[in-house]
Amino acid sequence: MKPLHHARVQRAKFALPSLVTLMSIACGFGSIVISVDNALIGSAHDYRLAAVLLVLAGVFDALDGLVARATNTASAFGMQLDSLADMMNFGCAPALLLYCYGFVQLGVDHPTLLRVGGIASFFFVACGALRLARFNVNVGRTDPRYFVGMPSTAGAACVASVVVAWPDPAATVLHGGLIVALLFVVGGLMVTTVRFPSSKQKKSKAALVLLVVNLGLLAWLQAVYFALFFAVYIAGTLVLNLAWRQGWRGIAPPLVYED
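Residues numbered from 1 in each chain as written. Predicted model: local features only at pLDDT ≥ 70, side-chain atom pairs only at ≥ 80, totals over all residues. Heavy atoms only, no water.

## Description of the overall build of the chain
Here's step 1: Scanning the chain from terminus to terminus reveals 8 helices and 2 strands.
Here's step 2: Helices and strands in the chain line up, N terminus first, as α-α-α-α-β-α-α-β-α-α.
Here's step 3: Since a compact globule built from 259 residues should have a radius of gyration of about 18 Å, the 20 Å found for the chain is in line with a globular shape.
Here's step 4: If one aligns the C-alpha atoms of the chain with their principal axes, the spans along those axes are about 65 × 55 × 40 Å. (Helix = DSSP H or I, 4+ residues; strand = E, 2+ residues; numbered from the N terminus. Rg over C-alpha atoms; globule rule 2.2 N^0.38 Å.)

Spelled out as structure tokens, the structure:
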């Protein structure tokens, strides 16, 4: 009986990370359903809820890796499931959210904008797929302190943060045009070779101070904080990469592997 019980415990342990990943998929699917149902209604509350579900999907995405490492149950199956979840949660779901939020209601009077919005949304999905494929084949072949291109999770959170900050759907052509630009810019950043800092940076007192400052800004700015955070995150990363090109080494650049 004991060996049988032990085998069942082991199977349950290996199922835990996958269950967390499935929770992430549930959040992404919930965001899609809410976005589609709300497309012709335009409820700001529902759009914000759909965006928050994407953020929650990102939380579960981070947790499944932590659970796998804590229980020593990392597996090839879990990696494949996580990659499929990322494609839906951080590629399809945010693109559909922005399509419904920015173009469906405006498209009644501006059909050209609706088509352009559809192209921009597909561009974001395509870039997300390319970004994930490149990440999968480059595991262990790039400096872990930096991502090559904007991470798909950050890209999804970036576009979702706009909906969290300003949940009322686009009401003018200018607003719709800005959403088109957002999808193209964030999608393009995901497939560039710009190095974005990862969470595996060396911990320091400066990082702790930065964390405290961000918590203070979150309490002060609330919903708008997230949009501001990603604006600074993107601008700071681009400036850092430009500084490396100019020879500045105040922050160590990523290591370049021969393979």
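## Let's talk about the pattern of salt bridges
Here's step 1: Applying the stated rule across the entire model yields 1 salt bridge.
Here's step 2: Residue D143 is joined to R145 by a salt bridge in which the shortest nitrogen-to-oxygen separation is 2.7 Å. (Salt bridge = Lys/Arg side-chain N within 4 Å of Asp/Glu carboxyl O.)

## Focus on the environment of A50
Here's step 1: Position of A50 relative to the elements: it lies in helix α2 (residues 44-70).
Here's step 2: Sequence separation between A50 and F29 is 21 residues, and the spatial gap between their C-alpha atoms is 9.6 Å.

## A look at the side chain of R131
Here's step 1: By the secondary structure assignment, R131 is in helix α4 (residues 111-137).
Here's step 2: Although R131 lies buried, it forms no salt bridge, and the closest oppositely charged side chain, D86, sits 8.7 Å away as judged by the N-O distance.
Here's step 3: Apart from residues lying up to four places away in sequence, R131 is in contact with F147, V148, G149, M150, P151, S152, M190 and V191. (Buried < 20%, exposed > 50% of the residue type's maximum accessible area, 1.4 Å probe, protein only. Lys, Arg positive; Asp, Glu negative; His and termini not counted. Contact = heavy atoms within 4.5 Å.)

## Some remarks on a nonpolar patch on the surface
Here's step 1: On the surface, a cluster of nonpolar side chains totalling about 540 Å² of accessible area is made up of L208, L211, V212, L215, L218 and F226.
Here's step 2: Residue contributions to the nonpolar patch peak at 5 residues, all from helix α7 (residues 205-221).
Here's step 3: Among the structural elements, F226 can be located in helix α8 (residues 223-245). (Patch = residues over 30% accessible without salt bridge, like charges linked within 9 Å, V, L, I, M, F, W, Y side chains within 5 Å. Areas by Shrake-Rupley, 256 points an atom, 1.4 Å probe, with all protein chains shown as cover.)

Scope: geometric values only; no functional claims are made or implied.
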